[in-house]
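What follows is each chain in one-letter form.
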Amino acid sequence: MSSFIVRPARTSDVHGIRDLVRPLAEQRILLDKEAVTYYESIQEFVVAEDSAGNLIGCGGLHVIWEDIAEVRTLATAPQWLGKGVGKALIRELIRRGQDLGVKRIFCLTFEVEFFERNGFSVMADQSAVDPEVYAELLHSRDEGVAEFLDLARVKPNTLGNTRMILNF
């Protein structure tokens, strides 16, 4: 098996990230984003790179509030599925979240079993934030925040995925 590393994403990785996401967006597993969105949030991303320098995975961590962040755009190249790439990416994103001071990380996913194996659980309580925080988050223009808040403008759930959360 080939080896890989996980490292912070660079602006030069945006084309590779989009190449990883595109087939999943076509399958309606992930949402496709414009290149400018990736450039604007590149500091949130980590990538997995094989020994030849090819991008084989990516994922982002987007802080929503003082104590909560979202895993976004977690993707692994098909030939690398089941080889630990996703696990390495999620562990790095969790570590980054801890470093930033968040206490919870959530995701919207079809890969329920993967996230359960990595400590996440299905959100039983859909109101994961206090009413005061909820009121503040309503001011966000971010569609991911709107989905997290279960706002009508993103209903039905764009992709039909499951809300999961990790508390630490």
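Cut-off values and rules
Numbering of residues begins from 1 in every chain and follows the order in which that chain's sequence is written. Local features are withheld for residues below a pLDDT of 70 in this predicted model, meaning they are given only at 70 or higher, and side-chain atom pairs are given and counted only at 80 or more; totals for whole chains, interfaces and linings count all residues. For side-chain calculations, the full set of non-hydrogen atoms in the structure is used, while hydrogens and water are omitted. In this scheme, a residue with accessible area under 20% of its type's maximum is buried, one over 50% is exposed, and one in between is partly exposed, where area comes from a 1.4 Å probe on protein chains only. Runs of E in the DSSP output that reach at least two residues are strands. Runs of H or I that reach at least four are helices, and both are numbered from the N terminus. Two strands make a pair as long as DSSP finds a minimum of two bridges between them. By convention a crossover is right-handed if, when the strands point away from the viewer, the path from the first strand over the helix to the second runs clockwise. Only heavy atoms matter for contacts: two residues are in contact if any of them lie within 4.5 Å across the pair. Lines fitted to C-alpha atoms define the axes, with helix axes restricted to the stretch in contact, and inter-axis angles between N-to-C directions lie between 0 and 180 degrees. The predictor attaches a confidence to each residue, and that confidence, scored 0 to 100, is pLDDT. One fewer than the residue count of a helix, multiplied by 1.5 Å, yields its expected span. The angle between axes fitted to the seven residues ending at a residue and the seven residues starting there is what we call the bend at that residue. Each pair of aromatic rings taken from Phe, Tyr and Trp, with Trp reduced to its six-membered ring, is defined by centres within 6.5 Å and is described as stacked if the planes are under 30 degrees apart, edge-to-face if over 60, and tilted in the remaining cases. Only when the NZ of Lys or the CZ of Arg is both within 6 Å of the ring centre and within 35 degrees of the ring normal is a charge said to sit over the ring.

Asks: Please clarify how the pairing of strand E4 (residues 68–76) should be interpreted in this entry.
Replies: For a regular strand, side-chain orientation follows a simple rule: the groups alternate between the two sheet faces. Of all nine residues in E4, nine are buried; the element is thus mostly enclosed. Note that strand E3 (residues 55–65) and E4 share seven bridges and pair antiparallel. Along E4, the bridge assignment pairs Gly-57 with Thr-76. Chirality of the crossover, the property in question, places the unit of E4, helix H3 (residues 85–100) and strand E5 (residues 104–109) among those that are right-handed.

Asks: Help me understand the sheet that holds strand E2 (residues 45–50), please; the structure alone is not making it clear to me.
Replies: Two modes of strand pairing occur in sheets, parallel and antiparallel, and in both the strands are linked by backbone hydrogen bonds. With mixed pairing, the seven strands of this open sheet are ordered in space as E1-E2-E3-E4-E5-E7-E6. Because the sheet does not close on itself, it has two edges, and the strands there are strand E1 (4–8) and strand E6 (121–122). By the bridge criterion, five bridges tie E2 to E3 in an arrangement that is antiparallel. The partner of Ala-48 across the bridge, within E3, is Gly-57. Lying over the sheet, helix H1 (residues 14–26) contacts E2, E3 and E4, oriented at roughly 90° with respect to E3.

Asks: Help me understand the confidence of the model for the protein chain, please; the structure alone is not making it clear to me.
Replies: For residues with low pLDDT, the predicted coordinates do not support detailed interpretation. When pLDDT is averaged along the protein chain, the result is 86, and 78% of the positions lie at 70 or above. Segment residues 151–156: pLDDT under 50, and 13 contacts once partners within four positions in sequence are set aside and those in other chains are kept.

Asks: Explain H1 to me, please; I cannot follow it from the model alone.
Replies: Every α-helix winds through 3.6 residues per turn, so residues three or four apart in the chain are directed the same way. Compared with an ideal rise of 1.5 Å per residue, which puts 13 residues at 18 Å, H1 spans 18 Å between its outermost C-alpha atoms and is within 8% of the ideal. At Leu-20, H1 shows its maximal bend, which comes to roughly 25°, and the proline Pro-23 appears one to four places after that position. Turning to H1, its buried residues are Val-14, Ile-17, Arg-18, Leu-20, Val-21, Leu-24 and Ala-25. Of the surrounding elements, those touching the buried residues of H1 are helix H2 (35–40), E2, E3 and E4. Once H1 ends, the next one or two residues include Arg-28, with phi positive near 60°.

Asks: Mind showing me how you'd approach the packing of aromatic side chains here?
Replies: Two numbers describe a pair of aromatic rings. These are the distance of the centres and the angle of the planes. Enumeration over the complete set of coordinates arrives at four aromatic pairs. Ring centres of Phe-114 and Phe-115 lie 5.1 Å apart, and the angle between their planes is 85°; this geometry places the pair in the edge-to-face category. Phe-114 gets classed as buried once you look at its relative accessible area, which sits at 16%. Residue Phe-115 is classed as buried on the basis of its relative accessible area, which comes to 5%. Three or more aromatic residues joined by ring pairs form one cluster here, namely Phe-114, Phe-115 and Phe-120. A cation over an aromatic ring shows up here: Lys-83 above the ring of Trp-80, its NZ or CZ 5.8 Å from the ring centre.

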